Amino acid sequence: MVTEVIKIDRDHPDMSAFEKAGRILKEGGLVAFPTETVYGLGADALDEEASRKIYEAKGRPSDNPLIVHIARMEDLEKIVKKVPEEAVKLAQRYWPGPMTLIMEKSECVPYGTTGGLDTVAVRMPSDPVARELILQGGGYVAAPSANTSGRPSPTTARHVYEDMEGKIPLILDGGPVEIGLESTIVDLTERIPTILRPGYITLEMVREVLGEVQMDKGLISSDSSVRPKAPGMKYRHYAPKADLKIVEGPMEKVIAYINEKASEKERPGIICTEETRSRYLYGDVKCIGSRTDENAIASHLFAILREFDEDGVDAIYSESFESPGLGQAIMNRLLKAAGHQRVDVSQKV
Ligand code: AMP
Ligand code: MG
């Protein structure tokens, strides 16, 4: 299959591109498209056979459900059993935007889309390109991130092309995405609303609207027998080819440790910040942004992990990015990429 890439001029979009993309979706095919979080790999969410193609193209385990994307609030009713009051409140505040809500599914959503679950994940993205595509495609577009399963999520059309060339007919290229981390997932089927995946919308922001909200215990527990509730969160993910370790502790000790380890490797890779860039002496040093701008750090993370694969490094050391806001989402992705390998250097002399 030849994969066509159509550039979308955001100021003067060519509607024929959207019509073409919408036709592919309605005929049961796949289209990759930008959203404000990451690039998505879309199919008609109500067509079981179309959803199956997503799993095939990504090599995604079939028990890992897809997020259904909508563009209008009135479209929500059809795909859920009942719209919970919490969903209305959260949608008023954060939709369209980087937040996914889990609710009981209605009959019309096939199990092929929900990975066999009786619940469905729904999001209304804000990116105008995504919204137009959803409308042209019939209103319900199932779309996970458009990467091969296990690789870092794509934040540019080129990343999508690397993974999907020959496997899908069309990529809409809307330029680099805005946020660069996947949506926050809020489960509304529990007595206490629960965050299953941290993202740009933080726990505090959800609490502002709903009051009592908890983090999924499987995300924060160090006990590996406590499984995350979102099936996708249990898989190794975002992983670069080289071994990645996250180094934690006082910054001076972190820098000393990374320099020492890097000097022992042939082709080390280092993830640092603008504040520490000049302190690293060896290797492929990549600056992820300034510690004063966590949005920049979030938006560069996945691209940097992909670059290390291209550069062919043999080990990667990263500083840690714990912070009250987006830091939680950034560390969640980084820890998954590292297979949870962290080194605490605070006790080192
Ligand atoms: P992605 O589309 O790549 O961002 O992945 C979607 C994430 O949403 C995965 O971690 C899924 O496991 C999770 N997800 C989708 N639907 C559900 C659901 N019904 N219940 C729990 N988690 C879900
Ligand atoms: Mg994904």
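Residues numbered from 1 in each chain as written. Chains lettered and ligands numbered in written order. Predicted model: local features only at pLDDT ≥ 70, side-chain atom pairs only at ≥ 80, totals over all residues. Heavy atoms only, no water.

Novice: Where do I start with the overall build of the protein chain in this structure?
Specialist: Within the protein chain, the regular secondary structure consists of 12 helices and 16 strands. Taken against the 2.2 N^0.38 rule, which gives 20 Å for 349 residues, the C-alpha radius of gyration of the protein chain at 20 Å falls within 12% of a compact globule. Counting over 349 residues, the protein chain shows a buried share of 56%. Pairs at least 24 residues apart make up 68% of the contacts formed inside the protein chain by residues separated by at least 6 positions. Counting only carbon and sulfur atoms, one obtains 48% of the accessible surface of the protein chain, whose full area is about 15,000 Å². In the protein chain, the 44 positive side-chain charges and the 55 negative ones have mean positions that sit 3 Å from each other. (Helix = DSSP H or I, 4+ residues; strand = E, 2+ residues; numbered from the N terminus. Rg over C-alpha atoms; globule rule 2.2 N^0.38 Å. Buried < 20%, exposed > 50% of the residue type's maximum accessible area, 1.4 Å probe, protein only. Contact = heavy atoms within 4.5 Å. Areas by Shrake-Rupley, 256 points an atom, 1.4 Å probe, with all protein chains shown as cover. Lys, Arg positive; Asp, Glu negative; His and termini not counted. Charge placed at Lys NZ, Arg CZ, Asp CG, Glu CD.)

Novice: Any chance you could explain the packing of helix α4 (residues 85-94) against helix α8 (residues 203-210) here in plain terms?
Specialist: For any two helices packed against each other, the geometry is given by the interaxial angle and the distance between the axes. At their nearest, the axes of α4 and α8 sit 9 Å apart, and the two run at 120° to each other. By the angle class used here, α4 and α8 are oblique. Seen along the crossing, α4 lies across α8 with a hand that is right-handed. Packed against α4, whose contacting residues are E86, K89, L90, R93 and Y94, the element α8 presents M205, V206, E208, V209 and L210 at the interface. (Axes fitted to C-alpha atoms, helices over the stretch in contact; angles between N-to-C directions. Parallel < 35°, antiparallel > 145°, perpendicular 65-115°, else oblique. Left-handed = near helix turned anticlockwise from the far one by under 90°.)

Novice: Teacher, can you tell me more about the site of ligand 1 here?
Specialist: Every one of the 19 residues lining ligand 1 counts as a neighbour, but N64, T119, P144, R197 and G232 are closest to it. A distance of 3.4 Å separates an oxygen atom of ligand 1 from a polar atom in the side chain of R60. Protein chains bury 96% of the 500 Å² of accessible surface belonging to ligand 1 in isolation. Looking at the shell around ligand 1, the elements with two or more residues in it are β6 (119-123) and β10 (194-197). Within the shell around ligand 1, the residues separate by chemical class into 12 nonpolar, 4 polar and 3 charged. (Near = heavy atom within 4 Å. Polar contact = N/O pair within 3.5 Å; in protein donor to acceptor, adjacent residues only side chain to side chain. Nonpolar A, V, L, I, M, F, W, Y, C, P; charged D, E, K, R; others polar.)

Novice: Sorry, what's going on with unusual backbone geometry here?
Specialist: Peptide bonds are, in most cases, trans, and in most cases residues other than glycine have a negative phi. Geometrically, the link from W95 to P96 is a cis peptide bond, its omega value of -10° lying close to zero. Its location among the elements puts P96 in the loop between α4 and β5 (99-104). Within the chain, H340 stands out as a residue other than glycine whose phi angle is a positive 65°. Here H340 is to be found in the loop between α12 (327-337) and β16 (342-344). Residue class for H340 comes out exposed when judged on its relative accessible area of 52%.

Novice: Quick question: what am I supposed to make of the nonpolar core here?
Specialist: The nonpolar side chains of a soluble globular protein tend to be buried with one another. Counting 47 residues, the largest nonpolar core has L41, L90, W95 and L101 as the members making the most contacts within it. Those elements that provide at least two residues to this core are β3 (40-44), α2 (48-58), α3 (76-79), α4, β5, β6, α7 (157-164) and α8. Setting aside chain neighbours within four positions, we find W95 in contact with I70, M73, L76, L90, L101, V122, R123 and M124. Counting residues in hydrophobic clusters, the runner-up holds 26 residues, among them Y238, V313, M331 and L334. (Core = buried A, V, L, I, M, F, W, Y, C linked by side-chain atoms within 4.5 Å.)

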